[in-house]
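# A closer look at the structure
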Amino acid sequence: DPTRQWLRELAALSQQLQQVHPNVLAKILKQRTIYQNEEIVVIDKPYGLPVHGGPGIKNCIADVLPILAKMLENMKAEPLHLCHRLDKETTGVMVLARSKEVAEKIRVLFKTRQVEKIYWAIVLGDPDPVEGVVEIPIVEKEVQSHQSHYKMTLAPNYRLCPEDGKVVKIRKNRHAESAVTRYRRLAGASACSLLELQPITGVKHQIRVHLAYGLGCPILGDHKYSHWSKLAPQKLPELTLSRLKLEQSKARHLPLHLHAHRLCLPLGQPLDFVCKLPLFFQKTLRKLELDIPKD
C-alpha cells in the first residue's frame, strides 16, 4: 500500500538523523553542501535536524561543525561557525562561516536586513488577499491549558472597535518584536495553497505565526501553531485528507512543509543560493495537485 509506505517515510523523517553517529551526520551534511569558498560553506539543511542541542536531542548541526570542517578541508581545519538558524523542521539554504569574523559579518547582514530570504510553504486554505504584507508584532506567551506551554503569538498595535468597526490603536506590548512578512500565492488546489514568503524581519517562528494567526492559513504539518490553546495534531479539511489518502488520525505524521528556497547574501559580490524542494514536499505537491512553479 503506497499510502502506508508514504506514512512510514513521513514518520521516519524526524527520527532518522537522531539515530546516526555524529560522523555519519557530518558526512550527510558534506553531501548536502551546495557551495563553498574560503569564507563560507552553504548546506541544504535536511528535515528534522535541530541547529542547536537541547533536552532529548542527540544530534544537532552545532555539534558536528568541527567534524564537517575537517571533512571539507583537512584534519587541521578550524570548526565552522553558525551565522543564522532554521527551525528543526525547516529544510533548505543554510549558511555556515569558516571563521568567527565572517560569521559576525554575516550575522550583521541578517540583523540589518540586507540578506534576502525566500521561503516556500504549503498552507491550509487560501490567503485573502492572495498577495500582501503581514506586519504584526510577535511576542512569546505562556498558554494556560491542561498542558501549559509557551508559544509565539501576535501582539497587534491596532484592533477593530466592535461598535463602529473603526481601527483603534492599542498600547504597545513592550516585549513584542516588530515582524514583517511578505507573501504571495503561487498555486491553489485541494483546499491548500503554495505560498512564496519573504520574511523582512527574523523573529522566532515568524512565518509560522503570521500565516496561522495573521492570515488564518497555518502551514501544512504545523501541529504547534494550528491551534492556540492546545497541543494537538492539525485538523485537515476533508478534501485535503482524501487527496493525501490520509485519515485524520494519522495527520500527526505530516511534517512541516516550510522550505528555505533561496537566499541572497551580499558578501563582496551578491551570492545567490537556491535549494530545490525536498522529496516529501514534492510528493505532497503532486498529491494535492498544486502546480510546482518553474524557477
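It should be emphasised that the depicted structure is a prediction, and the values quoted were computed from it without experimental measurement.

### Quick notes on the packing of helix α1 (residues 2–19) against helix α7 (residues 279–288)
Two elements in contact, α1 and α7, have axes separated by 12 Å at closest approach and are oriented at 140°. On the basis of their axis angle, the class for α1 and α7 is oblique. Between α1 and α7 the crossing geometry is left-handed. Residue-level contacts link W6, E9, L10 and L13 of α1 to F280, K283, T284 and K287 of α7. A breakdown of the residues in the contact of α1 with α7 according to their chemical character gives four nonpolar, one polar and three charged.

### Some words on the UniProt feature "domain: Pseudouridine synthase RsuA/RluA-like" (unreviewed entry) in the protein
Per the UniProt entry, the sites bearing "domain: Pseudouridine synthase RsuA/RluA-like" (unreviewed entry) are residues 40–212 in this numbering. Helix makes up 18% of residues 40–212 and strand 38%, whereas the separation of the span's terminal C-alpha atoms amounts to 34 Å.

### Quick look at the packing of aromatic side chains
One pass over the structure, following the stated rule, counts five aromatic pairs. For the pair Y35 and F273, a centre-to-centre distance of 5.1 Å together with 50° between the ring planes defines the contact as tilted. Pair noted here: Y35 is in strand β1 (residues 33–36) and F273 is in strand β14 (residues 269–274), with a separation of 238 residues, a long-range link. Overall, Y35 belongs to the partly exposed group, its relative accessible area being 27%. Take F273: its relative accessible area is 5%, and that puts it in the buried class. Pairing Y47 with F280 gives two aromatic rings, centres 5.3 Å apart and planes at 75°, and the pair type is edge-to-face. Of the two residues, Y47 is situated in the loop between β2 (40–45) and α3 (61–72) and F280 in helix α7; the sequence distance between them amounts to 233 residues. The class for F280 is buried, based on a relative accessible area of 8%. Linked through ring pairs, Y47, F280 and F281 together constitute an aromatic cluster.

Calculation notes
- Residues numbered from 1 in each chain as written.
- Predicted model: local features only at pLDDT ≥ 70, side-chain atom pairs only at ≥ 80, totals over all residues.
- Heavy atoms only, no water.
- Axes fitted to C-alpha atoms, helices over the stretch in contact; angles between N-to-C directions.
- Helix = DSSP H or I, 4+ residues; strand = E, 2+ residues; numbered from the N terminus.
- Parallel < 35°, antiparallel > 145°, perpendicular 65-115°, else oblique.
- Left-handed = near helix turned anticlockwise from the far one by under 90°.
- Contact = heavy atoms within 4.5 Å.
- Nonpolar A, V, L, I, M, F, W, Y, C, P; charged D, E, K, R; others polar.
- UniProt positions renumbered as here; feature names shortened; annotations may be inferred.
- Phe/Tyr/Trp six-rings, centres within 6.5 Å; stacked < 30°, edge-to-face > 60°.
- Buried < 20%, exposed > 50% of the residue type's maximum accessible area, 1.4 Å probe, protein only.

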